[in-house]
Amino acid sequence: MKRMDLALPFRHLVSSLLPIFAATVLAQNAPTTGLVAHYPLDSSANDLIGGGGTGTALTEEDGEAIKEQCPAIAYISPLLRSGAQVVYGFIDYKTHAKVSLVIRREPDGLRAYTHFDTGNYHPITARVYTDLSLFTADPDFGDDLGALFNFLTGLSKVAEYRRLLVAPTRLRDALRERILAACAEADRGGAPYIAAKVNALVDRRMIELLDRAAASGVKVDLIVRGMCGLLPDKSRHGERLRIRSIVGELLEHSRIFRFGNGAGQRKPLHIIGSADLMERNLDRRVEVLVPVRDRGHRVRLDSVLEELQGDDVLAWDLGPDGEWTRRGTAEAVNPQAKIHRLNLRR
């Protein structure tokens, strides 16, 4: 893991990952400083915070909301008994990011280990949600996540990030810039491509940008599990805009963004994280999207998108009239089962 990225597991059960993360970074029983943010705060956090160092846990809800949710107290109390500092979220901004940071004191100095997830560290929903994770010791991500925690806990007034896209300060503008860059590439005669997998697409400005992109010549593939405010229109978009939903045994919960030339020099940009294309996520929540830099991991993300966009039994395509039409047949591929088999082989 010291060699930057450790793994990008797909279709995982989130409840099993935090203990793995804890065991990985605490394997040598070195003194640690742990910072953990997740909701609800489950008992796995004690492995991080109680590993010989100090810890801070940031709740998703603010203090008043926590008081009204008695089950949440059951998760917080063990952390307090472990000596953790529990910090409640902002009153005006829900902390929706799914991130963890552990700083270890090692022989060659301090090293930051980070975990980014698209799903909650939630022991119940994790049994039926599909999500993505990134474990990494990349120092840029460690610095960025440290800056975010310092800001959220009141230790700094301003946070600047090298790699992370954070809402509500920068995320909307970053996505807008990349969509407009794809439009500009289409205007120059290029073949830009945008793919996104989200739970909902209802933000008006994002809808307008994606509509403009498809109309200007950008190929846009969207996988939207729930509400979608954008409709394909052949007279405007041609065959460049495809929108589908995947409905299967497991709830599709991960968020993936792929920009064909987003990293420049004809290199694609892959991003995963906690934010959907909704006004509340972009403007009224603390969200984190993280770029996936490892080439092998980007290939795996492409394989997931390819399977979900294929001719499969779980797919529903959105038409110009707003109606969803089932695409697959009984003989078609089940992408959830296929991706699970591919994971078992790795």
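Rules of the game
- Residues numbered from 1 in each chain as written.
- Predicted model: local features only at pLDDT ≥ 70, side-chain atom pairs only at ≥ 80, totals over all residues.
- Heavy atoms only, no water.
- Helix = DSSP H or I, 4+ residues; strand = E, 2+ residues; numbered from the N terminus.
- Buried < 20%, exposed > 50% of the residue type's maximum accessible area, 1.4 Å probe, protein only.
- Contact = heavy atoms within 4.5 Å.
- Areas by Shrake-Rupley, 256 points an atom, 1.4 Å probe, with all protein chains shown as cover.
- Pairing = 2+ DSSP bridges.
- Core = buried A, V, L, I, M, F, W, Y, C linked by side-chain atoms within 4.5 Å.
- 1 Å grid on protein atoms, 1.4 Å probe; cavity = no way out; pocket = protein on both sides within 12 Å on 5 of 7 lines; lining within 4 Å.
- Points joined across faces, edges and corners; volume = space filled by probe spheres on them.
- Nonpolar A, V, L, I, M, F, W, Y, C, P; charged D, E, K, R; others polar.
- Phe/Tyr/Trp six-rings, centres within 6.5 Å; stacked < 30°, edge-to-face > 60°.
- Lys NZ or Arg CZ within 6 Å of the ring centre and 35° of its normal.
- Polar contact = N/O pair within 3.5 Å; in protein donor to acceptor, adjacent residues only side chain to side chain.
- Axes fitted to C-alpha atoms, helices over the stretch in contact; angles between N-to-C directions.
- Parallel < 35°, antiparallel > 145°, perpendicular 65-115°, else oblique.
- Left-handed = near helix turned anticlockwise from the far one by under 90°.
- pLDDT = per-residue confidence, 0-100.

> What is the right way to look at the overall build of the protein chain in this model?
For the protein chain, the helix and strand inventory stands at eleven helices and 19 strands. Looking at the protein chain as a whole, 53% of its 346 residues qualify as buried. Restricting the contact set of the protein chain to residue pairs at least 6 apart, pairs at least 24 apart contribute 65%. Surface summary for the protein chain: the accessible area is close to 15900 Å², and the carbon and sulfur share equals 50%.

> Got a minute to help me understand the pairing of strand S11 (residues 193-198) in this structure?
The side chains of a regular strand alternate, residue by residue, between the two faces of the sheet. Of all six residues in S11, six are buried; the element is thus mostly enclosed. Here S11 shows two buried faces, one formed by Tyr 193, Ala 195 and Lys 197 and the other by Ile 194, Ala 196 and Val 198. When S11 meets strand S12 (residues 219-224), the two strands line up parallel, connected through six bridges. Pairing of Val 198 across the sheet is with Val 224, part of S12.

> I'm lost on the nonpolar core in this one. Help?
Looking at soluble globular proteins, one finds that nonpolar side chains tend to be buried together. Formed by 37 residues in total, the largest nonpolar core has its most connected members in Phe 116, Leu 145, Leu 148, Leu 164, Ile 272 and Val 288. Taken together, the elements giving at least two residues each to this core come down to strand S7 (99-106), strand S8 (109-117), strand S9 (129-136), helix H5 (139-152), S11, strand S17 (285-291) and helix H10 (295-309). Per-element tally for this core: the top contributor is H5, with six residues. Beyond its immediate stretch of four places on either side in the chain, Leu 148 contacts Tyr 161, Val 166, Val 286 and Val 288. In this structure, Ile 194, Ala 213, Phe 259 and Leu 277 belong to the second largest nonpolar core, which totals 35 residues.

> Before we go on, may I ask you to explain empty space enclosed by the protein in this structure?
Rolled over the atoms, a probe with the dimensions of a water molecule shows which regions are left empty. Applying the stated criterion across every chain yields a total of five cavities of 30 Å³ or more. Computed from the structure, the largest cavity encloses a volume of approximately 50 Å³. As for the largest cavity, its lining consists of Leu 175, Ile 179, Ile 194, Ala 196, Met 206, Leu 210, Phe 257, Phe 259 and Leu 277. Counting only elements with at least two residues in the lining of the largest cavity, the list comes to helix H6 (171-187), S11, helix H7 (204-216) and strand S15 (255-259). For the lining of the largest cavity, the class distribution of residues is nine nonpolar, no polar and no charged.

> What's the story with the packing of aromatic side chains in this structure? I'm lost.
Each aromatic ring pair is summarised here by two numbers: the centre-to-centre distance and the angle between the ring planes. Across all of its chains, the model carries one aromatic pair by this definition. When the ring of Phe 116 is compared with that of Phe 141, the centres are 5.7 Å apart and the planes differ by 75°; the resulting orientation is edge-to-face. Of this pair, Phe 116 sits in strand S8 while Phe 141 sits in helix H5, and the two are 25 residues apart along the sequence. Taken as a pair, Phe 116 and Phe 141 share a single burial class, namely buried. Note that Arg 293 overlies the ring of Phe 141, its terminal NZ or CZ placed 5.8 Å from the centroid.

> Looking at this model, I keep getting lost on the side chain of Ser 133. Mind explaining?
Tracing the chain through its elements places Ser 133 in strand S9. Judged by its relative accessible area of 0%, Ser 133 falls in the buried class. Among the polar contacts listed, one links the side chain of Ser 133 to the side chain of His 115, at a separation of 2.9 Å. A distance of 2.3 Å separates a polar atom in the side chain of Ser 133 from a polar atom in the side chain of Asp 117.

> What's the story with the packing of H6 against H7 in this structure? I'm lost.
Two numbers describe a pair of packed helices, the interaxial angle and the distance between the axes. At a closest axis distance of 9 Å, the pairing of H6 and H7 adopts a crossing angle of 15°. The angle between H6 and H7 falls in the class roughly parallel. Note that H6 runs across H7; the crossing there is left-handed. Along the contact surface, H6 presents Arg 172, Leu 175, Arg 176, Ile 179, Leu 180, Cys 183, Ala 186 and Asp 187, while H7 presents Arg 205, Met 206, Leu 209, Leu 210, Arg 212, Ala 213 and Ser 216. In the contact of H6 with H7, the residues fall into nine nonpolar, one polar and five charged.

> Can you walk me through the confidence of the model for the protein chain in this structure?
Parts of the prediction with low pLDDT should not have their coordinates interpreted in detail. For the protein chain, the average pLDDT comes to 80, and 72% of its residues sit at 70 or higher. Mean pLDDT per element in the protein chain: strand S3 (residues 32-37) is the minimum at 43, and H7 is the maximum at 98. In this model residues 27-42 is a low-confidence stretch, pLDDT under 50, and it forms 69 contacts with partners more than four residues away in sequence or in other chains.

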